[in-house]
Structures are given as C-alpha cells and as structure tokens.
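Survey of secondary and tertiary structure
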Amino acid sequence: LVTADTLVIWVLSPAGKVSAVRQPIQRDTLFALIHEYRWALGVQGAGPRLTRGVSLEAVRDPSPVNRRPWEALGQRLASVLLPASVISAVAGAAEVLILPQGPLALLPFAALPVGDRTVSFGATVPVRYAPSLATLSQAEASSGIPRGPQGATALRGGLVVGNPTMPEVAGRTGSLVVLEPLPGAEAEAGAVAARLGTRVVGGASATESAIRQRLPAATIIHLATHGFAYSSEARARESFVALAPDSTHDGLLTVGEILDDPSLKLTADLVVLSACQSGLGDPKTAEGTIGLQRALLARGARSILVSLWSVSDEATRRLMTSFYRHWLDDTDRPSKAEALRRAQESLRRTPGFHHPRNWAAFQLVGAR
C-alpha cells in the first residue's frame with residue numbers, strides 16, 4: 001500500500017502469520033523512482049524496429065540532471081520495496097506472490113537486487129503477481145491442465161497465433177501506422193505449437209473473427225504478435241493485441257471488446273501475451289493496472305503471462321521457447337512461475353542478453 005508518505009508492506013505466510021513493514025517514502029518520490037528506473041533500463045518510450053510493441057503515446061523523459069544508472073536505481077528501489085526484513089520473511093518460500101498497488105505494477109520486482117546486491121530477487125525465488133486477493137481466488141477456483149502424460153490431450157486444445165497479417169493503428173499524430181511483421185514471432189509460434197501438438201494460426205488466417213471464435217474453447221492461448229496498452233484511463237479500453245483484419249473486425253482485439261463480448265468466456269489455464277507492453281495499462285491507485293491482463297482474468301483465464309515493455313523479437317522467442325520447455329518437460333514439474341524463473345535465468349546467462357531489458361519484462365499474473 002502506497003500512502004502519501006509511507007509504503008506499507010504486508011507479508012502473509014501460508015500458515016496465516018501476518019507481519020507489516022513500514023517504509024517512510026513520499027508517494028511522488030517512489031513513483032518517480034519507478035519511472036526513472038524504467039527509463040534507465042531503456043524500456044520507457046519507443047522501441048527499435050523489431051520489437052513486439054509500437055510507440056503510440058508520447059512518454060515524458062525524466063530530468064537529465066543527475067540521472068542515475070539503472071543499477072543504482074535498482075538498489076534504491078530494492079532498499080525500499082525488498083528490505084532485509086521482507087527478504088528474511090520470504091526465505092525458503094516456494095513462490096512469492098506480489099500484489100502491487102498502482103505504478104508498482106509497472107516494476108519488475110524479479111530484477112531488483114537482493115543480498116549483496118549482485119543477485120536479483122527473481123534468481124532466488126519464483127515471483128508471481130495478482131491484482132488483488134479476490135481476483136486470485138476467482139482464478140484459482142477453476143482447475144488447470146493436469147501435468148504429465150494425462151495432460152497431452154488438453155495441450156492439443158491450445159490456440160497458437162504467430163505473426164498475423166498486421167492491421168493498421170492510429171499513431172501519436174493520428175495518422176495510420178501499419179505494424180511491422182515479426183518473423184521471430186512466427187518461429188516462436190511454430191516451436192510452441194509443435195510442443196503442444198497443435199498447429200500455428202498465422203498470416204491472413206489469423207483474423208480477429210477466427211481467433212475470437214476459438215478463444216473460449218482453448219486450453220492454452222499463445223498470441224505471438226504486437227500489443228500495446230494505453231496508459232490513460234480515457235484510452236485503457238483501447239489497449240489491444242494485433243490480429244489480422246477482416247470484413248467484420250479491424251484486427252485490434254481490445255480490452256473493451258474482451259470485456260463487452262458475452263461470448264468471450266475463457267477456460268484457458270494460461271494465456272501468453274507474447275506481445276510487448278501487454279502488462280501495462282492505466283495504473284490505478286489500487287489493484288494494479290487496468291489493461292489486457294485484468295480483462296482476460298475477468299473473462300475466466302487462470303493465469304496470464306504478460307510483458308512490461310517492448311522486448312526484441314529474438315529475446316522474446318528465446319524466452320518463450322525456454323519457458324514452455326521448463327514448464328512442460330522438466331521432470332520435477334515446476335509451477336509456471338518457477339518455469340519462467342528458469343527461462344529468465346537461462347536467457348540472462350546467454351551472451352548478449354544479460355541486460356534486464358532482455359529477460360525481466362515478462363511476468364506471470366494469476367493462479368499457479
């Protein structure tokens with residue numbers, strides 16, 4: 001909970017023990033630190049050509065005066081959000097579930113340093129998120145896909161979309177922008193579909209009408225395409241994932257359409273929005289952001305894998321294929337959050353991908 005001059009951190013153990021930590025910090029100072037940290041990571045604003053995101057809003061550059069490197073900003077945020085008392089309280093946990101308020105939902109807690117500040121929080125424990133305990137309870141009320149051989153049939157019911165024929169979207173100036181194709185998304189979708197035992201829907205076949213028809217019955221939904229989440233309350237419902245346009249729909253599957261269409265009642269154990277900035281949205285003062293993840297949870301999905309910023313096509317492909325390999329093939333049958341942790345650690349150790357902007361963007365929201 002972020003108040004005007006204090007951050008309150010509640011830690012709840014599985015046994016029901018509750019402790020509270022109060023950190024004195026001004027609300028505006030904390031939120032400015034988060035914004036500056038994202039900017040220092042190089043993830044706030046327009047991304048390069050082959051990222052799964054598009055710059056549709058002007059983003060304010062923080063003051064260049066005394067601008068700090070991302071490592072120093074990460075240490076400052078960790079000292080406030082993950083103090084020693086909290087780290088001690090969660091030591092030995094199988095997972096840590098974080099319920100962030102407001103702009104805290106824009107922060108990759110897994111990337112923050114802990115201990116001697118050379119190890120990231122996400123390297124020590126799997127991290128999962130939820131907008132609220134009520135939302136989490138609703139998501140966990142339904143059963144997921146069974147693990148092991150008995151789940152093979154359910155996996156074949158997955159829906160995998162990769163690199164659809166891209167639609168047009170209004171840019172910052174109001175002119176129409178044709179979204180760039182994503183060859184890495186096509187390769188990623190092929191690998192995911194092969195593992196699930198299904199086929200990729202891509203190109204001109206991945207129309208918004210066709211995908212909307214298939215969403216309710218899909219056991220896993222994997223959308224490897226462009227995405228964007230508007231940061232203002234006025235436009236939050238326009239946040240979208242890109243599909244191929246057709247005679248009925250414009251190819252932009254929006255938050256508003258997901259919430260308003262009574263036929264879109266999901267049963268998916270997991271929805272992967274392998275589309276940049278899919279975890280962003282209007283940062284409300286409670287229960288995280290209003291965006292794609294909240295809409296999909298509201299429509300019945302158990303858990304969502306979303307992104308906090310535009311990631312390179314190649315980094316996304318590597319991370320996603322590694323996530324599915326760990327989740328479905330590791331003999332100890334890890335949770336989704338643990339599979340994501342292993343995938344992120346693998347990518348972090350890969351030459352050329354060590355920087356957090358390559359591996360820390362994706363977060364698991366919802367049920368185990």
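Up top you'll find the structure we're talking about.
Structure report, in brief. Note that residues are indexed from 1 along each chain, following the sequence as it is written. Restriction of local features to residues with pLDDT of at least 70 applies here, the model being predicted, together with a cutoff of 80 or more for giving and counting side-chain atom pairs; totals for whole chains, interfaces and linings are based on all residues. Calculated side-chain values reflect all of the structure's heavy atoms, with hydrogen atoms and water omitted.

Looking now at helix α12 (residues 336–348). Labels follow the DSSP assignment, with helices taken as runs of H or I lasting at least four residues and strands as runs of E lasting at least two, numbered in each case from the N terminus. The span you would expect from a helix comes to 1.5 Å times its residue count less one. A rise of 1.5 Å per residue sets the reference length of α12, with its 13 residues, at 18 Å; its end C-alpha atoms lie 18 Å apart and thus fit the reference within 8%. With 11 of 13 residues buried, α12 is to be regarded as a mostly interior element. Taken together, the buried positions of α12 are Lys-336, Ala-337, Glu-338, Ala-339, Leu-340, Arg-341, Arg-342, Ala-343, Gln-344, Glu-345 and Leu-347. Relative accessibility decides the category of a residue: with a 1.4 Å probe and only protein chains considered, values under 20% of the type maximum give buried, values over 50% give exposed, and everything between is partly exposed.

A separate point is the pairing of strand β11 (residues 220–224). Most of β11 is tucked away: five of the five residues are buried. Residues Ile-220, His-222 and Ala-224 point to one face of β11 and Ile-221 and Leu-223 to the other, with burial holding for every one of them. Strands qualify as paired when DSSP identifies two bridges or more between them. Alignment of strand β7 (residues 159–164) against β11, held across four bridges, turns out to be parallel. Bridge pairing in β11 links Val-160 to His-222.

Here we take up the pattern of salt bridges. Each reported salt bridge corresponds to a side-chain nitrogen of Lys or Arg within 4 Å of a carboxyl oxygen of Asp or Glu. Summed over the entire model, instances satisfying the criterion amount to 19 salt bridges. A salt bridge links Glu-95 to Arg-368; the shortest N-O distance between them is 3.4 Å. Pair noted here: Glu-95 is in the loop between α3 (84–89) and β3 (96–98) and Arg-368 is in the segment after β19 (362–366), with a separation of 273 residues, a long-range link. Connected through shared salt-bridge partners, Asp-330, Asp-332, Glu-338, Arg-341 and Arg-342 make up one network.

The next subject is the layout of surface pockets. Roughly 1,200 Å³ of volume is contained in the largest pocket. Of the grid points, spaced at 1 Å and generated over the protein atoms alone, those admitting a 1.4 Å probe that cannot get out make up cavities, while open sets with protein on both sides within 12 Å along at least five of seven lines make up pockets; any residue with an atom within 4 Å of a point is treated as lining. Taken together, 39 residues make up the lining of the largest pocket; nearest its centre are Trp-10, Val-11, Leu-12, Leu-97 and Ile-98. Going through the elements one at a time, β1 (6–12), β2 (18–24), α3, β3 and α5 (133–140) are the ones with two or more residues in the lining of the largest pocket. The leading source of residues in the lining of the largest pocket is β1, at six residues. Grid points are joined across faces, edges and corners, and a volume is the space filled by probe spheres set on the points.

We now examine the sheet that holds strand β12 (residues 227–228). Here three strands make up an open sheet; going across it, the order is β12-β13-β14 and the pairing antiparallel. This sheet does not close on itself; its edge strands, each paired only once, are β12 and β14 (252–254). Pairing analysis gives two bridges linking β12 to strand β13 (residues 240–242), with the strands arranged antiparallel. Each residue of the ladder has a partner; that of Gly-227, found in β13, is Val-241.

Within this analysis, patches are made of residues with over 30% relative accessible area and no salt bridge. Like charges are joined at 9 Å or less; nonpolar side chains (Val, Leu, Ile, Met, Phe, Trp, Tyr) at 5 Å or less. Every accessible area reported is derived by Shrake-Rupley at a probe size of 1.4 Å, with residue values counting cover from the shown protein chains alone. A cluster of nonpolar side chains, namely Leu-1, Trp-10, Leu-12, Val-18, Leu-99 and Leu-133, defines an oily patch on the protein surface of about 600 Å² accessible area. Here Leu-99 lies in the loop between β3 and β4 (113–114). A relative accessible area of 37% places Leu-99 in the partly exposed class.

Another point: the pairing of strand β15 (residues 270–274). Summarising burial for β15: five of the five residues are buried, a large majority. Pairing of β11 with β15, which is carried by five bridges, proceeds in the parallel orientation. Bridge pairing in β15 places Ile-221 opposite Val-271. Relative to strand β18 (residues 303–307), β15 runs parallel, the two being bridged by two bridges. Paired with Val-272 across the two strands is Leu-305, which belongs to β18.

The relative placement of two packed helices comes down to the angle between their axes together with the axis-to-axis distance. The geometry of helix α1 (residues 27–41) relative to helix α2 (residues 70–81) is characterised by a closest axis approach of 9 Å and an angle of 150° between their N-to-C directions. In terms of orientation, α1 lies roughly antiparallel with respect to α2. The way α1 lies across α2 gives a crossing that is left-handed. In contact with Leu-30, Leu-33, Ile-34, Glu-36, Tyr-37, Ala-40 and Leu-41 of α1, α2 contributes Trp-70, Leu-73, Gly-74, Arg-76 and Leu-77. Counted by class, the contact of α1 with α2 contains nine nonpolar, one polar and two charged residues. To get an axis, a line is fitted to the C-alpha atoms, and for a helix only the part in contact is used. The angle between two axes follows their N-to-C directions and goes from 0 to 180 degrees. Any angle between 65 and 115 degrees counts as roughly perpendicular, while under 35 counts as roughly parallel, over 145 as roughly antiparallel, and the rest as oblique. By convention the crossing between two helices is left-handed if the near helix lies anticlockwise of the far one by an angle smaller than a right angle, and right-handed if it lies clockwise. Two residues form a contact once any of their heavy atoms are found within 4.5 Å. Under this grouping Gly is polar, as are all residues other than the nonpolar Ala, Val, Leu, Ile, Met, Phe, Trp, Tyr, Cys and Pro and the charged Asp, Glu, Lys and Arg.

Considering all chains together, one arrives at three cavities of 30 Å³ or more under this definition. Roughly 120 Å³ of volume is contained in the largest cavity. Lining the largest cavity are 13 residues, with Leu-215, Leu-223, Leu-253, Ile-258 and Leu-296 sitting closest to its centre. Counting residues per element, the ones that place at least two in the lining of the largest cavity are β11, β15 and α10 (292–298). A class-by-class count of the residues in the lining of the largest cavity yields 12 nonpolar, no polar and one charged.

With that settled, the discussion passes to the packing of helix α11 (residues 313–329) against α12. Running from N to C, α11 and α12 cross one another at 135°; their axes reach a closest spacing of 8 Å. Relative to α12, the element α11 lies oblique. For the pair α11 and α12, the crossing hand works out as right-handed. Of the residues in α12, those touching α11 at Ala-315, Arg-318, Leu-319, Ser-322, Phe-323, His-326 and Trp-327 are Lys-336, Ala-339, Leu-340, Arg-342, Ala-343, Gln-344, Ser-346 and Leu-347.

Attention now moves to the environment of Glu-257. Turning to its location among the elements, Glu-257 is positioned in helix α9 (residues 255–260). We classify Glu-257 as partly exposed; its relative accessible area is 23%. Along the sequence, Glu-257 and Glu-238 sit 19 residues apart, while their C-alpha atoms lie 8.6 Å from each other. In this structure Glu-257 touches Glu-208, Arg-212, Leu-252 and Leu-264, once residues within four positions along its chain are discounted.

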